[in-house]
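The lines below spell out each chain.
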Amino acid sequence: MPPHRLIRARSLQVAAGVAVVVIAIGCSGIGSPAQTGAAATTPLPPSPESPPPMRAFPVDNAPINIAARDGEIWAVGDGVLLRIDGATNATTEFPLDIGAGSGSIGASTDALWIADWLGDVVLRVDPANGAIVATIPVAAPVGVIATAEGIFVGSEGAAGVVRIDPDRNVVAMEYPQRGGFAYADGSLWFAQRDAGTVVRVQAATGQVQSRFEVPAEGRPGPDAGLGGCFVGGRSPDAWWTWCFTEHGDSVAIRIDPRTLAARGSVAVGGPIAGAVVVVDELSWFILDRGIAAVDDRNEVVRAIDLGAGFAANNAVIAADALWVPDEEGRRVVRIELSALR
């Protein structure tokens, strides 16, 4: 496995995109028991559709993550920061001192936050000119979520997540929880592969609020290979947890975040590569070489093959389009939302 693929397999991904809305979620109490018993759906999956028209934007080396801000899409490559204007498709490149396969990225209202995994730092970048305005030490940072409560970054070196205070550009708090993570109105959610659980933590205090035991069909088997588990979507109606596997299909578990009950599961027809975005009422899962749409009955209603050699990771929605980084193709692709409706 090439080094950047190994980084991707073990890195903490985040659910991103304008359409991935996170709203207030109820609390079921600290340590409340999880309700399980979800059953996988069995309808025959639809035949894969041919790739829709896509516009490609080359990125040196392998773009692992992308972020959106004010109609602009940002990606990190080997020594370069790429800005795409969603309205005109014009691109601008800024030199960036960062190694190959090392840049997870998030965007706040006034800054870009880039996790330099190789350099053990998080870079605060001015989106106006690509200049680095602050460097915050974080051990092996992976995954970035920018919120009004701070900038949350996964840290493999700290075995958890840290919160950066953007007013002081320092690490203000550590959360000793592992796994792919998401943020929803004051809470951090962690999908823990080894334990087979999803843990909800109060972001302000780090206090564990509740745990969800993932049903057996949603857990990777012993032969699944490398990969991480994740959580995200649109709360409360399209909130999911899933695991990426090198071998076999991923099974996504729909969670009711108010009750921590499993509301069904679905095999999406491939390994989910680390993101789900919601367009209208469909949850679009980003697979390793395609995308698949799941409706509110937990059935796959559309499957789109993005082509041999495509290696998707996360995705964002901006400028009426779905933007997906293609790690193997060294590019970011744009798919118009009209093709998904």
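Below is a summary of the structure that appears in this document. Along each chain, residue indices are assigned from 1 in the same order as the chain's sequence is written. Only residues with pLDDT of at least 70 get local features here, since the model is predicted, and only at 80 or more are side-chain atom pairs given and counted; chain-wide, interface and lining totals rely on the full set of residues. As a rule here, side-chain values cover all heavy atoms of the structure and leave hydrogens and water aside.

Right, let's talk about the pairing of strand S21 (residues 261-267) for a bit. Only protein chains enter the area calculation, which uses a 1.4 Å probe; residues under 20% of their type maximum are buried, those over 50% are exposed, and those in between are partly exposed. Each helix is a run of H or I in the DSSP string that is no shorter than four residues. Each strand is a run of E no shorter than two, and both are numbered from the N terminus. Most of S21 is tucked away, with five of its seven residues classed as buried. Relative to S21, strand S20 (residues 251-256) runs antiparallel, the two sharing five bridges. Bridge assignment links Ile-255 to a residue of S21, and that residue is Ala-262. In this description, strands pair whenever DSSP reports at least two bridges between them. Taken together, S20 and the strand that follows it, S21, pair antiparallel across an intervening segment of four residues, in which Leu-260 is found at a positive phi of about 55°.

Right, let's talk about the environment of Ala-115 for a bit. Position of Ala-115 among the secondary structure elements: in strand S7 (residues 112-116). Residues Ala-115 and Val-138 lie 23 residues apart in sequence; the distance between their C-alpha atoms is 8.4 Å.

Take the environment of Leu-188 next. Here Leu-188 shows up in strand S15 (residues 187-192). On the accessibility criterion, Leu-188 (0% relative accessible area) is buried. The spatial distance from the C-alpha of Leu-188 to the C-alpha of Gln-177 is 9.8 Å, given a sequence separation of eleven residues.

Strands sit in the order S22-S23-S24-S25 across an open sheet of four strands; the sheet is antiparallel. If you trace the sheet from one side to the other, it starts and ends with strand S22 (272-279) and strand S25 (300-305), each paired once. Here the strands of the sheet are splayed against their neighbours by 20° on average, with no regard to which way each runs. The axes are straight lines fitted to the C-alpha atoms, using for helices just the contacting stretch, and the angles between their N-to-C directions are given from 0 to 180°.

Attention now goes to the side chain of Arg-200. Checked against the element boundaries, Arg-200 lands in strand S16 (residues 197-202). Charged residues are defined narrowly, with Lys and Arg counted positive, Asp and Glu counted negative, and His plus the chain ends left uncounted. One speaks of a salt bridge when a side-chain nitrogen belonging to Lys or Arg is within 4 Å of a carboxyl oxygen belonging to Asp or Glu. There is no salt bridge for the buried Arg-200, and the closest opposite charge comes from Asp-256, which lies 8.0 Å off by N-O distance. What qualifies as a polar contact is a pair of N or O atoms within 3.5 Å, subject to a donor-acceptor requirement within protein and to the restriction that residues adjacent in sequence count only when both atoms come from side chains. Only 3.0 Å separates the side chain of Arg-200 from the backbone oxygen of Pro-257, close enough to count as a polar contact.

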